[in-house]
There are 6 protein chains.
Amino acid sequence: MKYLKELREGEKVSDVYLCKHVASAVTKNGKEYLNVILQDKSGVLDAKVWDPSSGGIGEFKSLDYIYIMGDALTFNNQIQISIKRIRIANEGEYVEADYLPVSPRDNDTMYKEVIAACDSVKNLYLNGLLKSFFVNDTDFIGKFRKSSAAKTVHHSFVGGLMQHTLAVTKLCNFYTKAYPALDHDLLITAALLHDIGKIKELSGFPENDYTDEGQLLGHIVMGCSMIEEKISRMDDFPEKLKNELLHCIVAHHGQLEFGSPKVPELIEALALNLADNTDAKLETLTEALSSTNEKGWLGFNKFLDANIRKTSDWEK
Amino acid sequence: MKYLKELREGEKVSDVYLCKHVASAVTKNGKEYLNVILQDKSGVLDAKVWDPSSGGIGEFKSLDYIYIMGDALTFNNQIQISIKRIRIANEGEYVEADYLPVSPRDNDTMYKEVIAACDSVKNLYLNGLLKSFFVNDTDFIGKFRKSSAAKTVHHSFVGGLMQHTLAVTKLCNFYTKAYPALDHDLLITAALLHDIGKIKELSGFPENDYTDEGQLLGHIVMGCSMIEEKISRMDDFPEKLKNELLHCIVAHHGQLEFGSPKVPELIEALALNLADNTDAKLETLTEALSSTNEKGWLGFNKFLDANIRKTSDWEK
Amino acid sequence: MKYLKELREGEKVSDVYLCKHVASAVTKNGKEYLNVILQDKSGVLDAKVWDPSSGGIGEFKSLDYIYIMGDALTFNNQIQISIKRIRIANEGEYVEADYLPVSPRDNDTMYKEVIAACDSVKNLYLNGLLKSFFVNDTDFIGKFRKSSAAKTVHHSFVGGLMQHTLAVTKLCNFYTKAYPALDHDLLITAALLHDIGKIKELSGFPENDYTDEGQLLGHIVMGCSMIEEKISRMDDFPEKLKNELLHCIVAHHGQLEFGSPKVPELIEALALNLADNTDAKLETLTEALSSTNEKGWLGFNKFLDANIRKTSDWEK
Amino acid sequence: MKYLKELREGEKVSDVYLCKHVASAVTKNGKEYLNVILQDKSGVLDAKVWDPSSGGIGEFKSLDYIYIMGDALTFNNQIQISIKRIRIANEGEYVEADYLPVSPRDNDTMYKEVIAACDSVKNLYLNGLLKSFFVNDTDFIGKFRKSSAAKTVHHSFVGGLMQHTLAVTKLCNFYTKAYPALDHDLLITAALLHDIGKIKELSGFPENDYTDEGQLLGHIVMGCSMIEEKISRMDDFPEKLKNELLHCIVAHHGQLEFGSPKVPELIEALALNLADNTDAKLETLTEALSSTNEKGWLGFNKFLDANIRKTSDWEK
Amino acid sequence: MKYLKELREGEKVSDVYLCKHVASAVTKNGKEYLNVILQDKSGVLDAKVWDPSSGGIGEFKSLDYIYIMGDALTFNNQIQISIKRIRIANEGEYVEADYLPVSPRDNDTMYKEVIAACDSVKNLYLNGLLKSFFVNDTDFIGKFRKSSAAKTVHHSFVGGLMQHTLAVTKLCNFYTKAYPALDHDLLITAALLHDIGKIKELSGFPENDYTDEGQLLGHIVMGCSMIEEKISRMDDFPEKLKNELLHCIVAHHGQLEFGSPKVPELIEALALNLADNTDAKLETLTEALSSTNEKGWLGFNKFLDANIRKTSDWEK
Amino acid sequence: MKYLKELREGEKVSDVYLCKHVASAVTKNGKEYLNVILQDKSGVLDAKVWDPSSGGIGEFKSLDYIYIMGDALTFNNQIQISIKRIRIANEGEYVEADYLPVSPRDNDTMYKEVIAACDSVKNLYLNGLLKSFFVNDTDFIGKFRKSSAAKTVHHSFVGGLMQHTLAVTKLCNFYTKAYPALDHDLLITAALLHDIGKIKELSGFPENDYTDEGQLLGHIVMGCSMIEEKISRMDDFPEKLKNELLHCIVAHHGQLEFGSPKVPELIEALALNLADNTDAKLETLTEALSSTNEKGWLGFNKFLDANIRKTSDWEK
């Protein structure tokens, strides 16, 4: 198939895409048309049906897979598709995986690394808690492996939550070697569990949007609740250890104004906050730099609050 | 007994007081002495044992009830007791209630008002939830009736949590009449439960200090956990209702920088935040104004971020 | 008449509306047309005259009442009127009250409640001051009863100032019962007078926009000036009472960054600030929730700095 | 007389000083003594009466002029007087002017400059307004010439308000030449009147402290009120001119968080704010640098929010 | 020639303008057209080539001087040119100076004032340093005389840097007379050099945009580097004097959040900051007020963070 | 020798210590005494000479090594030495290294790691620049190896700058493996050089205090200047590479309000800022936790803006 990102002005389009959103509108001249947002794993693209009452335009709705025919034009320096014909695609005409953004890292490999990180935790209670999530809870595992880590900004693709979790865990593991005051088992456990609330905060793909519960409570409170629920089924889990672990989750945004109801008071909570912040920012900038072929200055990045620029290539 | 607040310079002291804290120190001349903080329900007072090795000074430690003899002096414009004799008080020599600050409102009366407020909630699930706390959970009821609402600042006395909870609930009840968009049952339930986490965040009297768990997690996260635990034992409690109620708890501080991980998104959450803020501020100023016989300007109040002054008395 | 809010796509329009604003513009193809904003008490609506030189389009200007004929279309999901014919309406063809947003509360009833609140103030000086405004100053009364409480955001309708003033007064009255430290007469007087500067800060309807004086000085400074002017005509009004009252007005926004040159230093000033804030926020959210038939999440509300959502309907 | 600032350790003291404050206290050993703060125009100094019951210690109270005999000692690197004898001074024994901090500039010269600045304003209304204050209102003139511009920080001496007013006026006059968009008459009038509220915000010397009215309302609101009162007695003063002038007063602190209820919206208001800020900061630093003979770094200055240092002396 | 600012709706256009920017676009109907931004010294103007493939439209690119023929229309209340014919202008058809915004002050006159300010500095080292820039460095002088002081906001025209530098220097000179604690030579030197980094931070006209170096380092760091380079070639320049001068440069934005890595610690650094701020703000408002013929309120000014209004004209 | 930290109440003291500071004072009773601050590598301790005129008290001054005899007492729960005899120590009586706080890491080992990091940089220009500092500049190397990284807070000991530099470099090296978008050579060079300005910002031990130059300019501006000076002696160093490197130094505090005149715009600048922040915070907390034998809550840490607590010891 032809990916949306590869379409060039003037090309003919005839392929299946996911219809992320469709809505009718009216031109300045009073003529009705349809705004369609197409999606595949390379990204999204605007499309227009200028003549919705034409015979070639069948019924369809948001989140349908649709077969379209049309032309790639340029509008405001953006490629835009003018759709001439449309119909709902038949099963077998498309492979779902082609239409969702996915992590550049292999899902199975990442999951194995998660399991290895769990195994590195020797404290029996923490190890048992990790296994109750990552080994024994099939429903959880399925969602954790598929979920993104955010609606937008960074890691907003299938497997993004697992990729972010692993990156944070590896940074934390590096810290434990450089700063011996850190408790390895507590920190690695907190790193692996710090964002699990996101499997409930965000709906699955292709929507990948905030759930009602997610907007009302947020992934920090929901994550704590999930951990407490698992611990309540374990025998003799030390109360103090539970509180120290929950504190790391509660404080991992680092500051009240970033949504943590407590600031880090334990060194492991501080380390988790630093690792989370480091991966979020470096991944955001990595994604921003790789999203374009332009060299030099790329304009203002809202999340990083700065104009950003690609570094020159220097020979070694 | 003679209350600490009523002691005047030059008076002889011979009574039982709670020893809130004792520590040894050394004068500039190298002489050892004891710093003692005495407490009764009228407040606290500094005392000194200038000659700890004297025969009249028996063994004692912090939180003991002690019988003392000594003199009330003035130092830096504060009354201070110079202790000559000391011994641990015998049971029967004192009544515990005389030594702890208590709410000016009668405890039984307040509890009845709490029950009445529970009864005013007609929604079966919410009513059932309230009863599971305020009617059926004896351990909870005992702590709720005794707890303060804060370590210092406002309502820092026995019964303070119940007094604050009732004041907030009554404000919310008034709101429901003035603003019909408010759901009475949801708001009253949230008002009654909004600070229950404080029974775990603060240790009981006479210490009334932050617990380890309280410092690590805070009363918002702990309160949510307590509510979730009760709901998990109820049948068919609607998921959405649970989330709306928990959101009110989560958001009741109103802003992220005040420790709420979410800002109010429902009108009941907003109303609860306004009522909580109103009672906290008006009670703080009420307590500050009534704590002194001075007229006029009373200096800077940190919590209110203002110089405060008593209003003049105007005849009607 | 057909209210603007009730117009549906495809309907024919032929009615009188207030022309809030008219301006000429040019299409991308270089053709001139007119942008018209129509208003009635249900709200405002965009309209276009695509052919201004047509014979059916008569002369008219902003703030004229105009009779129009045309079609209701949809543009960007908003209803928009394409106007074919236009003329200035004759007197008798319309009732002015149909074209201005008005408070849902009856104006006479509200005024009676204001008078009752004045009567509840027993202090002779304060009672006299209130009467000099609300009973004896006909020009003031006329403006006070018609004015809005804001250009937008909340209470931006005829009678809005009186409705807001009453709501704040009632909250304050409730406070005086719950917090006996409050001086009833001072607080109720301050509540009734706190926003009177708005009758000068905002021009009357239908403009309801900031006046030159309003932008330069603001309603706090102007309100103080109005009160001082009245007091200067009274005999023996106590200087200290005047200052305490003025302080309540000066401090009622609660913080310097909200435009109060002083923060609340008296408990009545604090109470007034809390009541003003409570009504502003609960009314804003009430209006936002009732302005749409949509359920669930309604998007970001700038004044409340939050995504807002309608609470579910729970049976009792 | 011997100024307090010139006293050295070991010297005998026998002179009249202003008793700024006296209060009794008790030593660690329980002995009563008196804390006395002495003042003359060179500054203030701590003094102690270790034996208040001695025959040589007569009756006296705060703000009395007292004749004392005693010794200058050093305590914590500060000179401190141990007083042996004390009595209230007789009239004729002292000249009041020796006991209050005064502006380094001659009072009559400054007043002539104020009058000259008034005369430079040609607009009849503004000139008339200025004369109603600075030429015709004897009570105002007396207070204006004696008042300080602040309790502490800068210009906290007799004549300080007039000195600050002149410095701001001269800066504004310079601005009008460099920036022709400025209206000379409006700006000079606003400069001369911008801080007149301070004659009511601060009590006269020797107290020089915030008045009740000053704390409740602040000099911005009080200054506006004073100007409005004068204007109300003038014929035909243009309403718009009054509002523009009042806006300059209202906005002269430049930002809401500095206590201005409006930010500068007219260029004259902006210019006044810049001149006020410039003189306040440069005078504060000038006073801080000249208050000590030390070279180099002088520590942290709270008002300027910086460590400050004297610049080296460079030959020309 | 006809300046862009003077074009009125309906006029024919046939003149040479600078093409500041050109880019192709597509109409909603899919038709390609060109967006052109024309510039002359009176400002910039949007223009459209609706038919780029027409024979009359020759090749051209951004920053070419182009001869155009077309019509002045109105779109969204702005004049817009519809271009019918276009070709690159020949040398001799235009005078470059007509196409760039220039300071209202004469360049030679300003330069003489700069030299006079240099001469007023008597300290040999500082005088030598100033001469090494303003007298002996031809490349520097050329750029300094042509550079703007900003990309937008204020002084964004040829000669703007010199005009701003002089205005700041004159304010500083006035300060040295009013505040004798200021060292004249140090302050005037710092004033003359405070913004020299801008000749590298901004590219020359007509681009006048941030350079790569400018975005990465900023004019404060670059200016310090330029001064250090000159000083390194001088004999015996006192180290302490160099540091005091560099501190004034480093701290001239006044606060860390405005990009100064140090706040003012010397009185000359404070004075420079106040003068820089004063000229920036008064010039910004002067330019905003003179940029329109409208009276009264001009809307929100982002740099001044206020709604701004022209002051009324008052007769003298 | 007996380290200060090991002294217990009641012990006799007779050893050589560094006199960090000495100043005379006067008791409340008017008796002169000396305040002495003693230092060795275990920390500092207060000492008093109550009888300075005694025969056993010889002449000495700040920063002398002094032999003292006296008694360890307790005052305000702190050990304090009452000195009976004092004399300046003879050379040979003490080893300087015993009196300064030193890094727990071996100085030679750290220096070897620095050289290895330099060698890992393959870009010829960057490698040459690093060698010009760390291999060829003996004066620089001597200071770099001895300097602290801060006056207080963290790494405030001999070798602290090198220890911090290495920790940041290692974090950066780890980042380059996890985030391939990072340029290894640029980032490692920036990491090694980011704080070199501190060898001029802080005086050497034992003072370890801000220099005049350091207070005026700060280590960011001074570090850039040092790098520019070295580069100016190299042939053909690419201008763009210089600017990218300097940007990393300039932006390494991450935000304007932390003293960086530019925020990170390159991914290497962002990475350096994150590594610097991570090491500063984790080292600060490590030092705070290891500075006491207390378990549990340690009180409020100003730098981390949180109450901090030791994590419990959990068996593995």
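Reference entry: report on the structure contained in this document. Keep in mind that what you see is a predicted model, and the values were worked out from it rather than measured.

**Description of the interface of chain D and chain F**
Okay, step 1: The partner chain F presents seven residues to the eight residues of chain D that form the contact.
Okay, step 2: Here chain D meets chain F over a buried area of about 730 Å², counting both sides, of which 51% is carbon and sulfur.
Okay, step 3: On the chain D side of the contact with chain F, Phe-75, Trp-297 and Arg-309 of chain D bury the most area, a combined 56% of that side's loss.
Okay, step 4: Here chain D is connected to chain F by one salt bridge.
Okay, step 5: When the shortest N-O distance is used, the salt bridge between Asp-212 of chain F and Arg-309 of chain D registers 2.6 Å.
Okay, step 6: Counting the contacts that link chain D with chain F gives two residue pairs in polar contact (both at pLDDT 80 or more).
Okay, step 7: The set of elements that each furnish at least two residues to the side of chain D that touches chain F consists of β4 (65-75) and β7 (306-309) of chain D.

**Looking at the relation of the copies chain D and chain E**
Okay, step 1: When chain D is brought onto chain E, the operation consists of a screw motion whose angular component is 179 degrees and whose axial shift is 0.1 Å, with 0.2 Å RMSD remaining. The operation mapping one copy onto its partner corresponds to a two-fold rotation axis.
Okay, step 2: Most of the interface of chain D is mirrored in chain E, where 100% of its interface residues again form contacts.

**Structural notes on the relation of the copies chain D and chain F**
Okay, step 1: Superposing chain D onto chain F takes a rotation of 120 degrees combined with a translation of 0.2 Å along the rotation axis, leaving an RMSD of 0.2 Å. Here the copies are linked by what is in effect a three-fold axis.

**Structural notes on the sheet that holds strand β1 (residues 12-26) of chain C**
Whether parallel or antiparallel, the strands of a sheet pair through hydrogen bonds between backbone atoms.
All names here are of chain C.
Okay, step 1: In spatial order, the strands read β1-β2-β3-β5-β4; together these five strands close into a barrel with mixed pairing. Adjacent strand axes in the sheet meet at a mean angle of 50 degrees when their direction is disregarded.
Okay, step 2: Bridging between β1 and strand β2 (residues 32-40) involves eight bridges; their strand directions are antiparallel. Bridging across to β2, Cys-19 finds its partner in Leu-38.

**Digging into the pairing of strand β1 (residues 12-26) of chain E**
Okay, step 1: Pairing of β1 of chain E with strand β4 (residues 65-75) of chain E involves seven bridges; the strand directions are antiparallel. Across the sheet, the residue bridging to Ser-14 of chain E is Met-69 of chain E, located in β4 of chain E.

What counts and how
- Per-chain numbering applies: the sequence of each chain, read as written, is numbered from 1 onward.
- Starting at A for chains and at 1 for ligands, labels are handed out in the order in which the entities are written.
- Only residues with pLDDT of at least 70 are given local features in this predicted model, and only at 80 or more are side-chain atom pairs given and counted; all residues enter the totals for whole chains, interfaces and linings.
- The side-chain values count all of the structure's non-hydrogen atoms but skip hydrogen atoms and water molecules.
- Here a residue-residue contact requires only that any non-hydrogen atoms of the pair lie within 4.5 Å.
- Throughout, the accessible surface (probe 1.4 Å) given up by two parts as they are put together, summed over both, is called the buried area.
- What counts as a salt bridge is simple: a side-chain nitrogen of Lys or Arg found within 4 Å of a carboxyl oxygen of Asp or Glu.
- Throughout this description, a polar contact denotes any pair of N or O atoms lying within 3.5 Å of each other; where both atoms belong to protein, one of them has to be capable of donating a hydrogen while the other can accept it, and for residues adjacent in sequence the pair is counted only when both atoms sit in side chains.
- For helices the rule is a DSSP run of H or I covering at least 4 residues; for strands it is a run of E covering at least 2, with both sets numbered from the N terminus onward.
- The fit set for superposing copies consists of C-alpha atoms from residues with pLDDT of at least 70 in both; the fit itself is least squares.
- Strand pairing follows a simple DSSP-based rule, namely that at least 2 bridges must link the two strands.
- To obtain each axis, a line is fitted to C-alpha atoms, and for helices this fit is confined to the stretch in contact; angles are then taken between N-to-C directions over 0 to 180 degrees.

The quantities given are spatial measurements derived from coordinates; they are silent on function.
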